Amino acid sequence: MQHRVGLRARTDFRVVAKNGGFVSHCRGIEISASGIIVDRGRETFDDPLLMRLEMLLPERIRPLRALARPIWMNGSQQALKFVRISDVDRLTLAEHLDVLCLRGVCLS
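Here the residue numbers are simple positions, counted from 1 along each chain's written sequence. Owing to the predicted nature of the model, reporting of local features is limited to residues with pLDDT of at least 70; listing and counting of side-chain atom pairs is limited to 80 or more, with chain, interface and lining totals taken over all residues. Side-chain metrics in this entry use all non-hydrogen atoms of the structure; hydrogen atoms and water are not considered.

I keep staring at the environment of Arg 65 and nothing clicks. Help me out?
As for its placement among the helices and strands, Arg 65 is situated in strand 5 (residues 64–74). A 1.4 Å probe rolled over the protein chains alone gives each residue an accessible area, and that area as a share of the maximum for its type sets the label: buried under 20%, exposed over 50%, partly exposed in between. Classification of Arg 65 by relative accessible area gives partly exposed; the value is 41%. As a C-alpha pair, Arg 65 and Glu 54 span eleven residues in sequence and 4.7 Å in three-dimensional space. Helix numbering and strand numbering both begin at the N terminus, where a helix is a DSSP run of H or I of at least 4 residues and a strand a DSSP run of E of at least 2.

Got a minute to help me understand the pairing of strand 1 (residues 8–19) in this structure?
The side chains of a regular strand alternate, first on one face of the sheet and then on the other. Here strand 1 runs beside strand 2 (residues 22–32); their pairing, made up of ten bridges, is antiparallel. When the bridges of strand 2 are listed, Asn 19 appears paired with Phe 22. Any two strands between which DSSP finds at least two bridges are classified as paired. As paired strands, strand 1 and strand 7 (residues 106–107) are joined by two bridges and run antiparallel to one another. Among the inter-strand pairings, Ala 9 is bridged to a residue of strand 7, identified as Cys 106. Two strands pair when backbone bridges link them, and strand 1 and strand 4 (residues 51–56) are joined in this way by five bridges, in the antiparallel orientation. Opposite Arg 14, over in strand 4, you have Leu 56 as the bridge partner.

Explain a nonpolar patch on the surface to me, please; I cannot follow it from the model alone.
On the surface, a nonpolar cluster with roughly 310 Å² of combined accessible area is contributed by Leu 49, Leu 50 and Val 83. By secondary structure assignment, the location of Leu 49 is in the loop between strand 3 (35–39) and strand 4. The exposure class assigned to Leu 49 is exposed, which follows from its relative accessible area of 75%. Think of a patch as exposed residues, more than 30% relative accessible area, with no salt bridge, where like charges cluster within 9 Å and nonpolar side chains (Val, Leu, Ile, Met, Phe, Trp, Tyr) cluster within 5 Å. Here the accessible surface of atoms and residues is derived via Shrake-Rupley with a 1.4 Å probe, and residues count as covered only by protein chains that are part of the display. Any carboxyl oxygen of Asp or Glu that lies within 4 Å of a side-chain nitrogen of Lys or Arg is treated as forming a salt bridge with it.

Right under this line is the structure:
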């Protein structure tokens, strides 16, 4: 059973994940309006309740910020669901998704 709603697309941009004093530099590899899949570059075993994310989209100067919770981990990849993201950042994310879909990298 899949619970996906709306657009999602393959992407590639830097993400900084902060968990308390721990900072992890990741790559965003799949994005939707409700969450992101990041590649952390190595297998991780930490499972925080919430993480602060800074998403550095290539077309933006200022990073998008969100509070996210882990959904699943598989090797070096981790899915995160946005718990809190500002309306402005969510709109910017939707615009990024539209651009990706125009390039033909949207997923069903």
